[in-house]
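Per-entry structural report
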Amino acid sequence: MNLSKNTHLTRGSAAVVVAGLIAAFTGFFSYIARYANLDSLAGTIDESLYEQITQMFIPEKVLLLGGTILIVIGAIGIVWGLSARSKVLRAR
């Protein structure tokens, strides 16, 4: 691999990490904002209904899990790209 390919790999991996962070924070803060608004209902409505409306919804879980997976994949790509880049620089 040449140095240019390693730079593009590292930049692409960084973009994957940023996308993962955005997705994970969107899912997490969506849940936190909804929970904060509905927390005042505790004790005023049926307990099973309260648990249903304050649990994490599937889209929030998908965003959180998918974002975390993207962060890990991107971090691995960054480390791999940087190590390959350092090998190229040492070979010069």
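Note that the structure is a prediction, hence the values are computed from the model and not measured.

Observations concerning the pattern of salt bridges
One pass over the structure, following the stated rule, counts one salt bridge. The closest approach of N and O atoms between Arg-34 and Glu-60, which form a salt bridge, is 2.7 Å. Of this pair, Arg-34 sits in helix H1 (residues 3-38) while Glu-60 is found in helix H3 (residues 58-91), placing the two residues 26 residues apart along the sequence. With respect to burial, Arg-34 and Glu-60 carry one shared label: buried.

Some words on H3
Over its 34 residues, H3 extends 49 Å from the first C-alpha to the last, a length consistent with the 50 Å expected when each residue adds 1.5 Å. Buried within H3 we find Glu-60, Gly-67, Gly-74, Gly-77, Gly-81, Ala-84 and Val-88.

Thoughts on the side chain of Glu-60
Residue classification places Glu-60 among the buried residues on the basis of a relative accessible area of 5%. Of the polar contacts made by the side chain of Glu-60, one reaches the side chain of Ser-30; its length is 3.0 Å. Glu-60 has contacts with Gly-27, Ser-30, Tyr-31, Arg-34 and Gln-55, leaving out every residue within four places of it along the chain.

Some words on the confidence of the model for the protein chain
On average, residues of the protein chain score 86 in pLDDT, and 92% of them are at 70 or above. Summarising per-element confidence for the protein chain, the mean pLDDT is lowest in helix H2 (residues 47-54) (86) and highest in H3 (89).

Re the packing of aromatic side chains
The tally for this structure, following the rule as stated, stands at three aromatic pairs. Pairing Phe-25 with Phe-29 gives two aromatic rings, centres 5.7 Å apart and planes at 20°, and the pair type is stacked. Residue Phe-25 and its partner Phe-29 are located together in helix H1, separated by four residues, close to a single helical turn. Looking at Phe-29, the relative accessible area reads 46%, which means it is partly exposed. Three or more aromatic residues joined by ring pairs form one cluster here, namely Phe-25, Phe-28 and Phe-29. Note that Arg-34 overlies the ring of Phe-57, its terminal NZ or CZ placed 3.8 Å from the centroid.

Reading guide: rules and limits
- Residues numbered from 1 in each chain as written.
- Predicted model: local features only at pLDDT ≥ 70, side-chain atom pairs only at ≥ 80, totals over all residues.
- Heavy atoms only, no water.
- Salt bridge = Lys/Arg side-chain N within 4 Å of Asp/Glu carboxyl O.
- Helix = DSSP H or I, 4+ residues; strand = E, 2+ residues; numbered from the N terminus.
- Buried < 20%, exposed > 50% of the residue type's maximum accessible area, 1.4 Å probe, protein only.
- Expected span 1.5 Å × (residues − 1).
- Polar contact = N/O pair within 3.5 Å; in protein donor to acceptor, adjacent residues only side chain to side chain.
- Contact = heavy atoms within 4.5 Å.
- pLDDT = per-residue confidence, 0-100.
- Phe/Tyr/Trp six-rings, centres within 6.5 Å; stacked < 30°, edge-to-face > 60°.
- Lys NZ or Arg CZ within 6 Å of the ring centre and 35° of its normal.

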